[in-house]
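Each chain is listed here by its residues.
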Amino acid sequence: NAGVTQTPKFQVLKTGQSMTLQCAQDMNHEYMSWYRQDPGMGLRLIHYSVGAGITDQGEVPNGYNVSRSTTEDFPLRLLSAAPSQTSVYFCASSWGQGAYEQYFGPGTRLTVT
Amino acid sequence: AQKVTQAQTEISVVEKEDVTLDCVYETRDTTYYLFWYKQPPSGELVFLIRRNSFDEQNEISGRYSWNFQKSTSSFNFTITASQVVDSAVYFCALTDSGGGADGLTFGKGTHLIIQP
């Protein structure tokens, strides 16, 4: 049982490049989400999904796209990277919203130059 | 809107001291859930505890204890006889029963340094 996995662990992009951060979970969780962590800011919700085929925006969605074609995978796409997107990105999954414990992946450290 | 305030940005204590991390929250919901997560230097987020708004019992788990007080909207975390391995950033978080676009609302974290 790998839990929540994220790839890559580290990434450096140039401004304007695009890339996809991968997230997968093997716990059959319906709810998945992406957060970004910036120094002194805690974690902020980017996008979330309550099940395959359903996604919605969180607090800071601009500049990011997501899709959920399977229960297991929830990739995060940066369409045109900007220095403001330099951050650590965490993917999380759980049985549902609200009361359920969120299981977090190990994070992806992204630097945009 | 929900809000979580962790006023202590950084705390430094000597090993074996007791230390309390403060968490104050704001929400209009009557049903909500509070969490504490630990982020050690390695960077992963480790779940510590969940408490729902209807359960004000304090919780103790080994050297860790949590004090939930609805009257003061606080959910404080105490480490007794601290150890160097407790050094980490600790986050308090809040969500309502629906989750939704708020997801987990995190505080900014308290960086705890335990000196040997």
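Refer to the structure printed above.
Remember, it's a predicted structure, so these values are computed and weren't measured experimentally. (Residues numbered from 1 in each chain as written. Chains lettered and ligands numbered in written order. Predicted model: local features only at pLDDT ≥ 70, side-chain atom pairs only at ≥ 80, totals over all residues. Heavy atoms only, no water.)

Can you lay out the environment of valine 24 of chain B for me, pointing to particular residues and giving the numbers?
Residue and element names in this part refer to chain B. With respect to the element layout, valine 24 can be found in strand 4 (residues 24-26). Judged by relative accessible area, valine 24 falls into the partly exposed class, the value being 39%. C-alpha separation for the pair valine 24 and glutamine 69, spaced 45 residues apart in sequence, amounts to 9.7 Å. Those residues in contact with valine 24 that lie beyond four places of it in its chain are Lys3, Val4, Thr5, Thr72, Ser73 and Ser74. (Helix = DSSP H or I, 4+ residues; strand = E, 2+ residues; numbered from the N terminus. Buried < 20%, exposed > 50% of the residue type's maximum accessible area, 1.4 Å probe, protein only. Contact = heavy atoms within 4.5 Å.)

Go over the packing of aromatic side chains, please, and point to the residues and values.
Under the defined criterion, the tally for this structure stands at 20 aromatic pairs over all chains. Between the aromatic rings of tyrosine 35 of chain A and phenylalanine 106 of chain B, the centroid separation amounts to 5.7 Å while the plane-to-plane angle is 85 degrees, which identifies the pairing as edge-to-face. Linking tyrosine 35 of chain A in strand 4 (residues 31-38) with phenylalanine 106 of chain B in strand 11 (residues 105-106), this pair reaches from one chain into another. For the pair tyrosine 35 of chain A and phenylalanine 106 of chain B, one class covers both residues: buried. Here arginine 68 of chain A stacks its cationic end above the ring of phenylalanine 74 of chain A, 6.0 Å away from the centre of that ring. (Phe/Tyr/Trp six-rings, centres within 6.5 Å; stacked < 30°, edge-to-face > 60°. Lys NZ or Arg CZ within 6 Å of the ring centre and 35° of its normal.)

Before we move on, could you go through the pattern of salt bridges and cite the residues and values that matter?
Overall, the coordinates contain five salt bridges over all chains when judged by the stated rule. The residue aspartate 38 of chain A makes a salt bridge to arginine 36 of chain A at a minimum N-O spacing of 2.9 Å. The pair formed by aspartate 38 of chain A and arginine 36 of chain A is uniform in burial state, with each residue classed as buried. Residue arginine 51 of chain B pairs with aspartate 55 of chain B through a salt bridge whose shortest N-O separation is 3.1 Å. The exposure class assigned to arginine 51 of chain B is buried, which follows from its relative accessible area of 6%. Overall, aspartate 55 of chain B belongs to the partly exposed group, its relative accessible area being 24%. Through salt bridges with shared partners, one network takes in Arg36, Asp38 and Arg44 of chain A. (Salt bridge = Lys/Arg side-chain N within 4 Å of Asp/Glu carboxyl O.)

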